[in-house]
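# Coordinate inspection notes
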Amino acid sequence: MALPAQFRSIQHHLRTAQEHEKRDPVVTYYCRLYAMQTGMKLDSKTPECRKFLVKLMDQLESMKKEMSDNESISQEVVGNAHIENYALKLFLYADNEDRAGRFHKNMIKSFYTASLLLDVLSVFGELSEENIQHRKYARWKATYIHNCLKNGETPQPGPLGMDEDEEAGEFGAEGFSGLDPSHGGSFRGGPPSLSSEGQDHSSVPGPAPGIGFTPGPGSAPSGPPTTNYNNIHIPPGAHAPANTPAELPPPTGGVQLSPEDFTKAQKYCKYAGSALQYEDVSTAIQNLQKALKLLTTGKE
């Protein structure tokens, strides 16, 4: 079924859902859930839009039944951790490639897909300020590097100055379908395979010719922008493992924990478990340390 023009802003979230159907159905489910929720806000009255949304709801209902025993679907906190860890893994892979001066299509797509998945996190509630910055930086970096390579220029590696209004709202996927399929699920050698080769994209129309980003008048994404953006927060574990555990005070019997504290500690443990699925030891350690500190001191 063709995507209504009113839903163009969610076409790449739906494409990401298609690309992960076999590789990671949890990502597919939440990308479609985000698309449905966003589509309802955009237009739920036009007949073609209603028809598209009903089909999307049917897909979601079917997936929910098929994966009813999957904690990432049945428990929101686990699903949140799954999507966030996956998005940050893509971000860190692309960021490391960028800082090392290795510019290629897989890295560009990793940056952009990370930004899409950070959009998807909004189905669990408001995005943290940290994730808002990650999303903005990843989307801008994808645009900047793409345009540099397209124009035959060499991008500047690492964090650069960035115009506050320069975050792009849409990114065409042209040239992204033939990425190197040799990357597996482990992040030791690269990101999860992002190749969409062999996928059926008939239900989601391709982008218009050329890159989908349209910079504002007078802006030049291929050159260094003006506003300094060097304070972008890169998550722990991006460049080195956390090999020194945080110092924690000894347990005290007088700590009074609230129900919210127990919920937060459980959340950190869930995050740690999700990180271990991706062999991300440093993130797992960090979250377990947070849980321990909360349980032993009553403070984060």
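Before going into details, it helps to say that this report is about the structure given with it.

With that out of the way, let us pick up the nonpolar core. Counting 50 residues, the largest nonpolar core has Tyr29, Tyr30, Ile83, Phe111 and Leu117 as its most contacted members. At the level of elements, helix H1 (11–19), helix H2 (25–42), helix H3 (47–66), helix H5 (76–99), helix H6 (105–120) and helix H7 (129–150) are the ones that each hand at least two residues to this core.

Inspection of every chain in the model, using the stated rule, returns eight aromatic pairs. Considering the side-chain rings of Phe111 and Tyr137, the 6.4 Å spacing of their centres and the 80° angle between planes classify their relative orientation as edge-to-face. Taken together, the residues Phe111 in helix H6 and Tyr137 in helix H7 connect sequence positions 26 residues apart. Note on Tyr137 and Trp140: the rings are 6.3 Å apart at their centroids and 40° apart in plane angle, and the pair reads as tilted.

Okay, the pattern of salt bridges next. Two side chains carrying opposite charge are able to pair once their charged atoms lie near each other. The tally for this structure, following the rule as stated, stands at seven salt bridges. The closest approach of N and O atoms between Glu21 and Arg32, which form a salt bridge, is 2.5 Å. One end of the pair, Glu21, is in the loop between H1 and H2; the other, Arg32, is in helix H2, and 11 residues separate them in sequence. Judged by relative accessible area, which is 8%, Arg32 ranks as buried. For Arg102, the salt bridge is made with Glu97, and the minimal N-O distance between the two is 2.8 Å.

Definitions and cut-offs
Residues numbered from 1 in each chain as written. Predicted model: local features only at pLDDT ≥ 70, side-chain atom pairs only at ≥ 80, totals over all residues. Heavy atoms only, no water. Core = buried A, V, L, I, M, F, W, Y, C linked by side-chain atoms within 4.5 Å. Buried < 20%, exposed > 50% of the residue type's maximum accessible area, 1.4 Å probe, protein only. Helix = DSSP H or I, 4+ residues; strand = E, 2+ residues; numbered from the N terminus. Phe/Tyr/Trp six-rings, centres within 6.5 Å; stacked < 30°, edge-to-face > 60°. Salt bridge = Lys/Arg side-chain N within 4 Å of Asp/Glu carboxyl O.

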